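Okay, here's what each chain looks like letter by letter:
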Amino acid sequence: AQSVTQLGSHVSVSEGALVLLRCNYSSSVPPYLFWYVQYPNQGLQLLLKYTSAATLVKGINGFEAEFKKSETSFHLTKPSAHMSDAAEYFCAVTRPGGTNAGKSTFGDGTTLTVKP
Amino acid sequence: DTGVSQDPRHKITKRGQNVTFRCDPISEHNRLYWYRQTLGQGPEFLTYFQNEAQLEKSRLLSDRFSAERPKGSFSTLEIQRTEQGDSAMYLCASSLGLAGSSYEQFFGPGTRLTVL
């Protein structure tokens, strides 16, 4: 079984401030991990992915995330928030092999608000 | 690459009616996934296909829901005898489902269903 917990359903930051969105996962096997962003009335867009290579992963729009096995975490960060970052963010865990390989479980999301 | 497309984008129906949604995946992707998303929640897994084979259907899915992918290309999701609780965004995604791939999912824009 696998699961994802996103701590904080709403995060608010000022423009230019650090963005930190938290994701903790549970998986019976070493997982693949993903962060997606969703703008209103749109589908999900991939920000970045961890697939067991480098633990620090860089994605689009200046976002990055670090895989920490000991903490079962995959937190998303961005040094300086921009107004256009306001959206909903989802963390997902995926089995890399075996039964149900490729099947993803998503967290409930974190809504990021950026204040001017 | 035209991306994943879904049709219709919006559907309003009366309780008890049947509805059918279509998803066209990225052409070279052999995996296709259906999710349901309600306000404030992450995508909830419904079912997925590898080529034309349906690999798994969520145990939470009632028998009123059925999905097909007859030729391993586009897929349809049908909901029979709709209920107000079926109101949600229905998301389709596709990916490569090969051993060693990242199983990165590409999402369509979704179909928003409103049941009156």
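Below: a short report on this structure. (Residues numbered from 1 in each chain as written. Chains lettered and ligands numbered in written order. Predicted model: local features only at pLDDT ≥ 70, side-chain atom pairs only at ≥ 80, totals over all residues. Heavy atoms only, no water.)

## A closer look at the state of the cysteines
Residues and elements named next belong to chain A.
Next up, step 1: All told, the structure shown has 2 disulfides over all chains when counted by the stated rule.
Next up, step 2: Covalent S-S linkage joins C23 and C91, the inter-sulfur distance amounting to 2.0 Å. Handedness here is read from the sign of the S-S torsion; for C23 and C91, about -60°, the answer is left-handed. In this pair, C23 sits in the loop between β3 (19-21) and β4 (24-27) while C91 sits in strand β10 (residues 87-94), placing the two residues 68 residues apart along the sequence.
Next up, step 3: For C23, a relative accessible area of 0% gives the class buried. (Disulfide = S-S within 2.5 Å. Helix = DSSP H or I, 4+ residues; strand = E, 2+ residues; numbered from the N terminus. Buried < 20%, exposed > 50% of the residue type's maximum accessible area, 1.4 Å probe, protein only.)

## Focus: the environment of K78 of chain A
Residue and element names in this part refer to chain A.
Next up, step 1: As for its position among the elements, K78 is in strand β9 (residues 73-78).
Next up, step 2: Residues K78 and K68, 10 residues apart in the sequence, show an inter-C-alpha distance of 17 Å.
Next up, step 3: Ignoring anything within four residues of it in the chain, the contact list for K78 reads A17, L18, V19, N61, G62, F63 and D85. (Contact = heavy atoms within 4.5 Å.)

## As for the sheet that holds strand β8 (residues 75-79) of chain B
Residue and element names in this part refer to chain B.
Next up, step 1: Here 4 strands make up an open sheet; going across it, the order is β1-β3-β8-β7 and the pairing antiparallel. The sheet is open, and its two edges are formed by β1 (5-7) and β7 (65-68), each paired on a single side. The average angle at which neighbouring strand axes cross in this sheet is 15°, direction not considered.
Next up, step 2: The pairing of strand β3 (residues 19-24) with β8 spans 5 bridges and is antiparallel. Its bridge partner being in β8, C23 is matched across the sheet by S75. (Pairing = 2+ DSSP bridges. Axes fitted to C-alpha atoms, helices over the stretch in contact; angles between N-to-C directions.)

## A few points about the interface of chain A and chain B
Next up, step 1: Each partner contributes to the interface: chain A provides 23 residues, whereas chain B provides 23 residues.
Next up, step 2: Buried area between chain A and chain B, both sides added, is near 1800 Å², and the carbon and sulfur share of it is 48%.
Next up, step 3: Our count for the contact surface shared by chain A and chain B stands at 2 salt bridges.
Next up, step 4: With a shortest N-O distance of 2.8 Å, K49 of chain A and E104 of chain B are connected by a salt bridge.
Next up, step 5: In this structure, the connection of chain A to chain B is made through 9 residue pairs in polar contact (both at pLDDT 80 or more).
Next up, step 6: Broken down by secondary-structure element, the contributors of at least two residues to the side of chain A that touches chain B are β5 (32-38), β6 (44-50), β10 and β11 (104-106) of chain A.
Next up, step 7: If you tally residues by element for the side of chain A that touches chain B, the top one is β5 of chain A, at 4 residues.
Next up, step 8: A breakdown of the residues in the side of chain A that touches chain B according to their chemical character gives 9 nonpolar, 10 polar and 4 charged. (Buried area = accessible area lost by both parts, 1.4 Å probe. Salt bridge = Lys/Arg side-chain N within 4 Å of Asp/Glu carboxyl O. Polar contact = N/O pair within 3.5 Å; in protein donor to acceptor, adjacent residues only side chain to side chain. Nonpolar A, V, L, I, M, F, W, Y, C, P; charged D, E, K, R; others polar.)

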